[in-house]
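Summary of structural features
So you can see what is in the structure, the chains are spelled out below.
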Amino acid sequence: MKAKYVNPFLNATMGLFKDFLGLDVTPGKPFVVDDPQDLSDVSALIGLAGETTGALVLSFSRDTALRVVSRLSGKDYLALGSEVLDGVGELVNIIAGNAKKDLLDFRIVISLPGVITGNSYRINWPRGVPVISIPFASDAGDFRVNVSLKELA
Amino acid sequence: MKILIVDDSEVMRRIHRNTLLEQRIPEDALLEASDGVEAMKLAIAEEIDLFLVDWNMPNLDGLSFVKKLRDMGNYAKTPIIMITSEAAKYNVVEAINAGVTNYVVKPIRGTILWDKIAPYLKDVG
């Protein structure tokens, strides 16, 4: 997948976590994922449709999810309740919606976000399209943004 | 004065609500809905002075809600601020064409959000 399709998601993530939430965030080098089902405790998924198809997943540990959503909401959460899962969904919604600003090759429609916890689930990534993972280190904990976007021929 | 916050995210509604409360908007002026259907019921039951509307919601999305609202005579000119993560230019154009008064891209909160809302409250008692 070309950098011009990965960078909008990287930049949108930095805008949210670093600029808006004020976290100290460092992105790592994006890489092609061997096993796209290998995710952390809490993952938020959003589908991308329209002139292309794809998916975006934000995945982090339980503790990182709690810290990040507490920062977003301004309220301290200690357990993965419905409000935290709602907040995690909103995070991926913001990344996807903001990334559209720089994805100039296609008109994209984003789905409503879904949030999954635990490890007994499978995500139906678009077939035949590599999943790129962008790793991030932050003072709230590490997290990953996985993106798959079918490029137009 | 009545302000209706329409967003399917409870966390986002909390952020908007806190922004308004910090600016001394009275709590009883704030109404909330978690989708366009619920918002439409409140719009019919109450006299809303300002709408803060998300785009992506289940049941009835924000854009469809705005179009329905504008078709109701009593809300033809009421300020509607769309507050959404949708940052593409074509989304902004679509929302303006549907009748939103202003368009604000999430994430936003605090005084930056208030600066977008305040001008529409000047004429509201």
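Conventions we followed
- Residues numbered from 1 in each chain as written.
- Chains lettered and ligands numbered in written order.
- Predicted model: local features only at pLDDT ≥ 70, side-chain atom pairs only at ≥ 80, totals over all residues.
- Helix = DSSP H or I, 4+ residues; strand = E, 2+ residues; numbered from the N terminus.
- Contact = placed C-beta atoms within 7 Å.
- Pairing = 2+ DSSP bridges.
- Right-handed = clockwise from strand over helix to strand, strands pointing away.
- Core = buried A, V, L, I, M, F, W, Y, C linked by C-beta atoms within 7 Å.
- Buried ≥ 20, exposed ≤ 12 C-beta atoms within 10 Å, placed from the backbone.
- Axes fitted to C-alpha atoms, helices over the stretch in contact; angles between N-to-C directions.
- Parallel < 35°, antiparallel > 145°, perpendicular 65-115°, else oblique.
- Nonpolar A, V, L, I, M, F, W, Y, C, P; charged D, E, K, R; others polar.
- pLDDT = per-residue confidence, 0-100.

Here we come to the overall build of chain A. When its secondary structure is counted, chain A shows three helices and eight strands. Moving toward the C terminus, one meets the helices and strands of chain A in the order α-β-β-β-β-α-α-β-β-β-β. If you line up chain A on its principal axes, its C-alpha atoms span 45 × 35 × 25 Å. Of the contacts formed within chain A by residues at least 6 apart in sequence, a portion of 69% connects residues at least 24 apart.

What follows concerns the interface of chain A and chain B. Residue-level contacts link 20 residues of chain A with 17 residues of chain B. Where the side of chain A that touches chain B is concerned, the elements lending two or more residues are α1 (3–20), α2 (62–73) and α3 (82–99) of chain A. Element by element, the count of residues in the side of chain A that touches chain B is highest for α3 of chain A, at nine residues.

The next subject is the pairing of strand β2 (residues 30–33) of chain B. Looking down a regular strand, the side chains alternate between one sheet face and the other. All names here are of chain B. As judged from the four bridges shared by strand β1 (residues 3–6) and β2, these two strands associate in the parallel manner. For I5, the partnering residue across the bridge sits in β2 and is E32. Each parallel crossover has a hand, and for β1 linked through helix α1 (residues 10–22) to β2 it is right-handed.

What follows covers the nonpolar core. If you look at the biggest cluster of nonpolar residues, it comprises 47 residues, and the most contacted ones within it are L56, V88, L91, V92 and I95 of chain A. Looking at this core, the element that brings in the most residues is α3 of chain A, giving nine residues. The residues contacting I95 of chain A, other than those within four sequence positions of it, are F9, A12, T13, L16, L56, L58 and V145 of chain A. In terms of nonpolar packing, the next biggest core, distinct from the first, is built from 27 residues, I5, A39, I48 and M82 of chain B among them.

Okay, the packing of helix α3 (residues 62–71) of chain B against helix α4 (residues 89–98) of chain B next. All names here are of chain B. Packing of α3 against α4 leaves a shortest axis separation of 9 Å and a crossing angle of 20°. Put simply, α3 runs roughly parallel to α4. Taking contact as the criterion, the partners of L63, V66 and K67 in α3 are, on α4, E94, A95 and A98. Its residues assigned to classes, the contact of α3 with α4 comprises four nonpolar, no polar and two charged.

Tracing the backbone shows V147 of chain A in strand β8 (residues 143–149). Separated by 34 residues in sequence, V147 of chain A and P113 of chain A place their C-alpha atoms 14 Å apart.

Before going further, it helps to examine the environment of R122 of chain A. Residues and elements named next belong to chain A. Structurally, R122 is set in the loop between β6 (114–117) and β7 (132–138). Judged by the 9 C-beta atoms lying within 10 Å of it, R122 falls in the exposed class. In the structure, R122 is positioned 84 residues away from D38 in sequence and 9.1 Å away in space, judged by C-alpha atoms.

Low pLDDT means the predicted atomic positions in that stretch should not be read closely. In the predicted model, chain B carries a mean pLDDT of 95, and 98% of its residues have values of at least 70. Scoring the predicted complex yields pTM 0.95 and, for the interface, ipTM 0.94.

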